[in-house]
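# Examining the three-dimensional arrangement
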Amino acid sequence: MNTALFPNAPDVQASDYCVFGLATCFIREDGEVKEVQVVEPIPSAALQALFKGIPTSYQYACGKPLGEFFEAENLQMPPEFPPPAQFCENFAARTVAAARTYQRSQQAQTLIPVGTQKADFNFSTERKRVLNADNIVSTEDNVKQHSYTHQVL
């Protein structure tokens, strides 16, 4: 049965397809970095980039209908994801946005068919993905330009 999951997104149904990945991320607490596992939707363009072999924090990804995560008003974790995993920030809104990318790209849905899992990505934590990092901009971050950059020569 096709039912709208979200009142503000009537175009997104419980049967709609999306890819969800298990990412290894990090949280900085009291000067130390702690590893966490996060479940998050992967938009179709990002998934296509993962298939090209770029290093990623995703251990694996699953093709699933949205209804497996959203039942009535409750958010539930499917059994493919380990118990310590947590949902990403703004999970529902990000899922709606990612699901729409697969509505537009039927070809992307064939990369990881519904009910299947892919685990042979180029998994790497060399560049740690810190979720609560503060981005502090300083004057040293400014790019120095030549005096003639904006002049017509």
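Reading guide: rules and limits
- Residues numbered from 1 in each chain as written.
- Predicted model: local features only at pLDDT ≥ 70, side-chain atom pairs only at ≥ 80, totals over all residues.
- Heavy atoms only, no water.
- Helix = DSSP H or I, 4+ residues; strand = E, 2+ residues; numbered from the N terminus.
- Buried < 20%, exposed > 50% of the residue type's maximum accessible area, 1.4 Å probe, protein only.
- Contact = heavy atoms within 4.5 Å.
- Pairing = 2+ DSSP bridges.
- Core = buried A, V, L, I, M, F, W, Y, C linked by side-chain atoms within 4.5 Å.
- Phe/Tyr/Trp six-rings, centres within 6.5 Å; stacked < 30°, edge-to-face > 60°.
- Lys NZ or Arg CZ within 6 Å of the ring centre and 35° of its normal.
- Expected span 1.5 Å × (residues − 1).
- Lys, Arg positive; Asp, Glu negative; His and termini not counted.
- Salt bridge = Lys/Arg side-chain N within 4 Å of Asp/Glu carboxyl O.
- Polar contact = N/O pair within 3.5 Å; in protein donor to acceptor, adjacent residues only side chain to side chain.

Secondary structure summary: the protein chain contains two helices and nine strands in total. Reading the helices (α) and strands (β) of the protein chain from amino to carboxyl end gives β-β-β-β-α-β-β-β-β-α-β. For the protein chain, buried positions account for 37% of its 153 residues. Here the analysis covers contacts within the protein chain between residues at least 6 apart in sequence; of these, 68% occur between residues at least 24 apart.

In space, the five strands of this open sheet follow the order 8-4-3-5-9, with mixed pairing throughout. Looking at strand neighbours, the two that pair on one side only are strand 8 (86-87) and strand 9 (117-118), the edges of this open sheet.

What follows concerns the nonpolar core. With 37 residues, the main nonpolar core has Val19, Phe20, Val39, Leu47, Leu66 and Phe81 as its most contacted residues. Those elements that place two or more of their residues in this core are strand 1 (4-6), strand 2 (9-13), strand 3 (17-29), strand 4 (32-42), helix 1 (44-50), strand 5 (58-65) and helix 2 (91-104). Residue contributions to this core peak at eight residues, all from strand 3. With residues near it in sequence (within four places) discarded, Leu66 still touches Leu5, Val12, Gln13, Ala14, Asp16, Cys18, Phe20, Thr95 and Ala99.

Below, the discussion takes up the packing of aromatic side chains. For the coordinates displayed, the defined rule picks out 10 aromatic pairs. Measuring from ring centre to ring centre gives 5.9 Å for Tyr60 and Phe81, while their planes differ by 20°; the resulting arrangement is stacked. Taken together, the residues Tyr60 in strand 5 and Phe81 in the loop between strand 7 (74-75) and strand 8 connect sequence positions 21 residues apart. The buried category is assigned to Tyr60, whose relative accessible area is 11%. Overall, the relative accessible area of 4% leaves Phe81 in the buried class. Above the face of the Phe121 ring, Lys118 is positioned so that its terminal group lies 5.7 Å from the ring centre.

Let us now look at helix 2. Its 14 residues place the ends of helix 2 20 Å apart at the C-alpha level, agreeing with the 20 Å of an ideal helix rising 1.5 Å per residue. Phe91, Thr95, Val96, Ala98, Ala99, Thr101 and Tyr102 are the residues of helix 2 that are buried.

Let us now look at the side chain of Asp16. Mapped onto the fold, Asp16 is located in the loop between strand 2 and strand 3. Of the buried charged residues, Asp16 lacks a salt bridge, with Arg100 as the closest side chain of opposite charge at 7.8 Å. Here the side chain of Asp16 touches Gln13 through a polar contact of 2.9 Å, landing on its backbone nitrogen. A polar contact is formed between the side chain of Asp16 and the side chain of Gln103, at a distance of 2.7 Å. Ignoring sequence-local partners within four residues, the contact set of Asp16 consists of Asp11, Lys64, Pro65, Leu66 and Gln103.

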